[in-house]
Amino acid sequence: MKYPDAEKIEQLKKEINEHNYRYYVLDTPTISDAQYDRLLKDLTTLEQSHPELITLDSPTQRVGAAPSKTFNPATHREPLLSLDNALSLEEALAFEKRIHDRLKNNNILTYTCEPKMDGLAVNLTYIQGLLTRAATRGDGYTGEDITLNIRTLPSVPLRLRTNTPPAYLEVRGEVYMPKKAFLALNIEAERHGEKTFANPRNAAAGSLRQLDPRITAKRHLAIFCYGMGYYEGKLALPSQHALLQQLKDWGFPVCPDIVTIQGIEHCIQFFNTIEKKRKKLPYEIDGVVYKVDDFKLQQILGFVSRAPRFAIAHKFPAQEETTEVIAVDFQVGRTGTLTPVARLKPVAVGGVIVSNATLHNLDELTRKDIRVHDTVIIRRAGDVIPEIVGRILEKRPPSTQKITLPKHCPVCHADVIQTEGEAAARCSGGLFCSAQRKEAIKHFASRKAMDIDGLGDKIIDQLVEKNLIHSVADLYHLTLSQLVSLERFADKSAQNLIDAIEKSKQTSLARFLYALGIREVGEATAALLAQHFLSLDTLMQADSATLQQVSDIGPVVATHIRIFFQQAHNQTIIKQLLKAGIHWETPKQNTHLPLQNQRFVITGTLSFYTREEATQLLQSLGAKVSSSVSAKTSYLVVGENPGSKLTQAQKWNVPLLSEQQLRDMLQQGMT
Ligand code: IVH
């Protein structure tokens, strides 16, 4: 007889559903994932031997339907409305004032404040407690039938958790993709060379609109429910917060960060608090919905067109906006690198007007395929430079063209060259190109180079454009009257700049070498070169083999150095600079090499130096730096989040150095 099995099946279903409820609604699971899987497996096995006992609400029946060809239209019994937005504090206050005016009293109002989930609204229909249909919002009246996809969300109850369900019930909620799932999905997509999603909302939308529910099932979508539509049956709910409790009791996940409080001021306080927490929340939100809690008041307040008077969405300033690409230009950098930059129709993103966004390099331009007149999504996260997340293909006008690399430099018209194996394309104009010249001068004057205080980018642009300077050497011949002729330049600031330029003449060989802007010669390499060669002349004469005697200089950097010093115009400029009075003390030869024969290993992230800098500095004092710890290691430098090398060092009893101790040691060694 199958009755004992039938009972067992019922029992297992109940048990599994109860664990779902504990996990997804109460957030207090009482069994491990493995135990849960065991129950599910037991149920599957039993059902396999009694296929006639499989019901639609069995937890084993979430995935499995065959892909469909289209989504059928699904009309909601009660329409899904939208919300008015409040985009500022004033608009939020005005919302309460409107309510007070309409109610003709100033009674304190109770609100339920719900984080506004950035996902997709869905309408779930339960007939006699059984999930029978799930639909997207669509135009508010008719959406698309996505039942098979929604069934794959483990947190959506297939049956209400009650013995006395309403005859008919519409539940409204927001399907979203948790941030973690979104990141994992994009990493996976990138690994397979597939398209990534711009944000969790798009990812959720794309996942719900899959014709094959097996794909949706893998996307880790979640839901928070917040409302009810049409229903038939006895229900006496007095308020929004009572409704949320009822939804939880029925087995629906409700956002855990909802509060019920009094007065709009407290709503705004909550808004500010949650905005601060926003980054850390596991889900994406774009504001807070304030709802007058009392259903009687809601009824009195009613609706204007399709939005309720009793609720409003107080939105965070947008971090993402869409706008149009007006042009794609190529900017020329110090070493001639061409960087594509999108010129945009100005748009406010997170409170800042954005009209340019870098596309970083050609590869990125190709990958993102941004074209002129494309509508693009712009994102500004915190203080970072705005970036183009992607383009909206559906909005692309016909006959747009792929952006291609220009053949000639947009500034000086010299040929553009792209060396094989190098991602960057460069203008071949060198210092004849005014763009490269400007950048070279900016670098020359920068803090770690000649450190010319007050010589900002805008001033350099003007100096070059007005032909007051052609090279860095010309800086040293600028006159007060020339500077005063520049925009926004007073006598005093002009004199200050002249003084700063004068002061920069007293420098060090290392700074001077760095300031020249030789390709791949950063601060640390410049210091090593100065230390090794001691004189500029010797360095300028050095051949590749000699250059490579300097620790960490390989054939590529050696070639860059050689080419730089061989070029006649570089030689001329150096002569002019020296003639103008730039001078330094000959670096002291480090004959005693205080760290000679000492072996260092570095683990973790350093905050003051980069690893490369620390390595070069240690090497300049004679130390050896290796990548693995052994009994011969003299010190392990421990940065933040150290790796397994730390355990190794402890095993070998290797002394540990903090970054500060390393700095002290280097300081001592260098003086
Ligand atoms: S209530 C009549 N509550 O926002 C009220 N909506 O701008 C209807 N949303 O279509 C909506 N979180 O997709 C409500 N806690 C929340 C919400 C929320 C997100 C979305 C929903 C709606 C849109 C309206």
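Coordinates for the structure precede this section.
As the structure is a computational prediction, the values presented were derived from the model and not from experiment.

Calculation rules
- Residues numbered from 1 in each chain as written.
- Predicted model: local features only at pLDDT ≥ 70, side-chain atom pairs only at ≥ 80, totals over all residues.
- Heavy atoms only, no water.
- Helix = DSSP H or I, 4+ residues; strand = E, 2+ residues; numbered from the N terminus.
- Rg over C-alpha atoms; globule rule 2.2 N^0.38 Å.
- Buried < 20%, exposed > 50% of the residue type's maximum accessible area, 1.4 Å probe, protein only.
- Areas by Shrake-Rupley, 256 points an atom, 1.4 Å probe, with all protein chains shown as cover.
- Lys, Arg positive; Asp, Glu negative; His and termini not counted.
- Charge placed at Lys NZ, Arg CZ, Asp CG, Glu CD.
- Core = buried A, V, L, I, M, F, W, Y, C linked by side-chain atoms within 4.5 Å.
- Axes fitted to C-alpha atoms, helices over the stretch in contact; angles between N-to-C directions.
- Left-handed = near helix turned anticlockwise from the far one by under 90°.
- Contact = heavy atoms within 4.5 Å.
- Nonpolar A, V, L, I, M, F, W, Y, C, P; charged D, E, K, R; others polar.
- Phe/Tyr/Trp six-rings, centres within 6.5 Å; stacked < 30°, edge-to-face > 60°.
- Pairing = 2+ DSSP bridges.
- Near = heavy atom within 4 Å.
- Polar contact = N/O pair within 3.5 Å; in protein donor to acceptor, adjacent residues only side chain to side chain.
- Salt bridge = Lys/Arg side-chain N within 4 Å of Asp/Glu carboxyl O.

(A) A look at the overall build of the protein. Looking only at helices and strands, the protein has 24 helices and 26 strands in total. Computed over C-alpha atoms, the radius of gyration of the protein comes to 34 Å, more than 25% over the 26 Å expected from 2.2 N^0.38 for 671 residues, which places it beyond the range of a compact globule. If one aligns the C-alpha atoms of the protein with their principal axes, the spans along those axes are about 100 × 65 × 55 Å. Across the 671 residues in the protein, those meeting the buried criterion constitute 45%. About 35400 Å² of surface is accessible on the protein, with carbon and sulfur atoms providing 52% of the total. Measuring between centres, the 80 positive side-chain charges of the protein sit 1 Å from its 74 negative side-chain charges.

(B) Inspection of unusual backbone geometry at higher detail. Phi angles above zero are rare outside glycine, and aspartate 451 is one such case at about 55°. Relative to the helices and strands, aspartate 451 resides in the loop between α12 (434-445) and α13 (457-465). The exposure class assigned to aspartate 451 is partly exposed, which follows from its relative accessible area of 38%. Residue leucine 534 is not a glycine yet carries a positive backbone phi of 60°. Here leucine 534 shows up in the loop between α17 (523-533) and α18 (536-541).

(C) Molecular detail of the nonpolar core. Among the nonpolar cores identified, the biggest contains 64 residues, and Tyr111, Leu124, Ile150, Leu247, Phe252 and Tyr290 are the most heavily contacted of them. With six residues, helix α9 (residues 264-277) is the single largest residue contributor to this core. Residues Leu497, Ala500, Phe564 and Trp584 belong to the second largest nonpolar core, which totals 55 residues.

(D) Quick peek at the packing of helix α3 (residues 89-103) against α9. For the pair α3 and α9, interaxial distance at closest approach is 10 Å and the crossing angle is 145°. The two elements α3 and α9 meet at a crossing, and its hand is right-handed. Here α3 contributes Leu89, Ala92, Leu93, Phe95 and Glu96 to the contact with α9, which in turn contributes Ile264, Glu265 and Ile268. The residue inventory of the contact of α3 with α9, partitioned by class, reads six nonpolar, no polar and two charged.

(E) Representation of the packing of aromatic side chains within the structure. Scanning the model with the defined rule gives 13 aromatic pairs in all. When the ring of phenylalanine 95 is compared with that of tyrosine 111, the centres are 6.2 Å apart and the planes differ by 45°; the resulting orientation is tilted. Of this pair, phenylalanine 95 sits in helix α3 while tyrosine 111 sits in strand β3 (residues 110-117), placing them 16 residues apart in sequence. In this pair, the class of phenylalanine 95 matches that of tyrosine 111, namely buried. By the ring-pair criterion, three or more aromatic residues cluster together here, those being Tyr176, Phe224 and Tyr283.

(F) Structural detail: the pairing of strand β10 (residues 285-292). Taken across its eight residues, β10 has eight buried, putting it largely inside the fold. By the bridge criterion, six bridges tie β3 to β10 in an arrangement that is antiparallel. Within the sheet, the bridge partner assigned to threonine 112 lies in β10 and is lysine 291. With five bridges joining them, β10 and strand β13 (residues 311-315) adopt antiparallel strand pairing. Across the sheet, glycine 287 pairs through a bridge with lysine 315, a residue of β13.

(G) The site of the ligand, seen in detail. Taken together, 13 residues form the shell around the ligand, and within it Glu114, Lys116, Glu174, Tyr226 and Lys291 come nearest. Contact between the ligand and lysine 116: an oxygen atom at 3.0 Å from a side-chain N or O atom of the residue. Backbone polar atom of methionine 117 to a nitrogen atom of the ligand: 3.2 Å apart, as the coordinates give it. For the ligand, the accessible surface in isolation is 530 Å², of which the surrounding protein chains cover 85%. Elements with a contribution of two residues or more to the shell around the ligand: β3 and β10. The element that contributes the greatest number of residues to the shell around the ligand is β3, accounting for four residues.

(H) Representation of the pattern of salt bridges in the model. For the coordinates displayed, the defined rule picks out 27 salt bridges. Across the pair glutamate 439 and lysine 442 runs a salt bridge, and its minimum N-O distance is 3.2 Å. In this pair, glutamate 439 and lysine 442 both sit in helix α12, three residues apart, roughly one turn of the helix. With relative accessibility at 15%, the residue lysine 442 sits in the buried group.

(I) Molecular detail of the sheet that holds strand β8 (residues 222-232). The four strands lie next to each other as β5-β4-β7-β8, forming an open sheet whose pairing is antiparallel. Edge positions in the sheet fall to β5 (130-136) and β8, since each of these pairs with one other strand and no more. Strand-to-strand twist across the sheet, computed as the mean angle between neighbouring axes with direction ignored, equals 25°. Bridge count for strand β7 (residues 168-176) against β8 is eight bridges, and the pairing is antiparallel. Paired with tyrosine 176 across the strands is alanine 222, a residue of β8. Lying on the sheet, helix α6 (residues 200-208) is in contact with β4 (120-127) and β7; it crosses β4 at an angle near 40°. Relative to the sheet, helix α8 (residues 240-250) contacts β7 and β8, its axis offset from that of β8 by approximately 105°.

(J) Just the pairing of strand β14 (residues 320-332), in detail. Inspection of the sheet shows β14 paired to strand β17 (residues 375-379) by five bridges, in the antiparallel sense. Bridging across to β17, threonine 322 finds its partner in isoleucine 377. Pairing of β14 with strand β15 (residues 338-349), which is carried by seven bridges, proceeds in the antiparallel orientation. Looking at the pairing, valine 332 lines up with leucine 338 of β15.

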